[in-house]
Amino acid sequence: MPKTRPTIQDIRANKGKHQYTMMRVTDWDELAAAEAAGIDMCSVPPEMLVEKQFREVAPSIFAIPGMALYSSPATTDETLRWAFRMMEAGADAIYSAASFQTVERMAAESIPVIGHVGLIPHFCTWTGGFKAVGKTADSAMAVHERCRQYEAAGAFGVEIEVVPPEVTAEIAKLTSLFLVSMGGGAGGDCQYLFACDVLGTNTGHMPRHSKKYADLAKEYARIQQMRISAFKAFVKDVQTGVYPSEQYLVKAPEAEMKAFARKLKGK
């Protein structure tokens, strides 16, 4: 039986009963692999979502377009127009780290919004940089309060990033929000990783919560060496006259070639 794309109602009904999987993908091969592997949800670049082929490649994936905050539309009205375009293109929810006022405006138009709590890369200077959030009682309460603000604004869910699992588990008991856990433990409703980390193509910092399941970077390096070797062999064959040999050439009838030669001489 083909897998069907979950709806907001399905996801809410499964809260506390089912762990969803979510992957950040950035190209068509990754998206196709996520579909084939049974990944439930994907964070996707908006420019991929608007392509007609998106739903041909990923008919069952719950799609969440999002951009880094400072690449996003600047005003609430612009964000709302962008969100409408995304929903029209087939988005199932929208990721936004914009203000609560902006979230409230989108929610008022029945757009499912996923916000961000815990380690928020755009704002991490306020919480001490790129490190865990919620390790003290006060910090954990701040995460909880931000969840309450999202809930009041009408958000559907939040990404809860790099917080102690105990904090996520306690918040999960008190909120109706769909908790997308990125390094927040199994107390959330969904486990979220980046494809570049899972596939081993990330050449930068590997976050503590990430897990590498493949080493495609090594494979890509091996394939590149195969390309170089093949090109070198081609150069050698050309320089030594091995290529092009007879088997790679088109043959013409001998009589026609003699006639061609006569025509060139004007006879």
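The structure we're discussing is the one just above.
This one's a predicted model, so the numbers in the text were calculated from it and none came from an experiment. (Residues numbered from 1 in each chain as written. Predicted model: local features only at pLDDT ≥ 70, side-chain atom pairs only at ≥ 80, totals over all residues. Heavy atoms only, no water.)

A. Geometry of the overall build of the protein. Within the protein, the secondary structure is distributed over 11 helices and 8 strands. Relative to its length of 267 residues, the protein is extended, with a C-alpha radius of gyration of 27 Å against a globular reference of 18 Å. The principal-axis extents of the C-alpha atoms in the protein amount to approximately 95 × 40 × 35 Å. Pairs at least 24 apart in sequence give 50% of the contacts found in the protein among residues at least 6 apart. Within the structure as shown, the protein displays about 15900 Å² of accessible surface, and the carbon and sulfur contribution to it stands at 57%. Positive and negative charge centroids in the protein, built from 30 and 30 side chains respectively, lie 9 Å apart. (Helix = DSSP H or I, 4+ residues; strand = E, 2+ residues; numbered from the N terminus. Rg over C-alpha atoms; globule rule 2.2 N^0.38 Å. Contact = heavy atoms within 4.5 Å. Areas by Shrake-Rupley, 256 points an atom, 1.4 Å probe, with all protein chains shown as cover. Lys, Arg positive; Asp, Glu negative; His and termini not counted. Charge placed at Lys NZ, Arg CZ, Asp CG, Glu CD.)

B. Layout of the sheet that holds strand β6 (residues 157–161). One open sheet holds the 8 strands; their spatial order is β3-β2-β1-β8-β7-β6-β5-β4, and the pairing between them is parallel. Of all the strands in the sheet, the pair left with one neighbour each is β3 (62–65) and β4 (94–95). Pairing of strand β2 (residues 41–44) with β3 involves 4 bridges; the strand directions are parallel. In the strand pairing of β3, methionine 41 is matched with phenylalanine 62. (Pairing = 2+ DSSP bridges.)

C. Geometry of the packing of aromatic side chains. Under the defined criterion, the tally for this structure stands at 7 aromatic pairs. Between phenylalanine 156 and phenylalanine 178 the ring centres are 5.4 Å apart and the planes differ by 15°, which places this aromatic pair in the stacked class. Residue phenylalanine 156 is located in the loop between α7 (137–153) and β6, and its partner phenylalanine 178 is located in strand β7 (residues 178–182); the two are separated by 22 residues in the primary sequence. Among the residues examined, phenylalanine 156 registers a relative accessible area of 3% and is labelled buried. Since its relative accessible area comes to 3%, phenylalanine 178 is described here as buried. Taking the centre distance of 6.0 Å and the plane angle of 65° together, the rings of phenylalanine 234 and tyrosine 243 count as edge-to-face. For tyrosine 243, a relative accessible area of 35% puts it in the partly exposed group. Taken together, the ring pairs connect Tyr20, Phe156 and Phe178 into an aromatic cluster. (Phe/Tyr/Trp six-rings, centres within 6.5 Å; stacked < 30°, edge-to-face > 60°. Buried < 20%, exposed > 50% of the residue type's maximum accessible area, 1.4 Å probe, protein only.)

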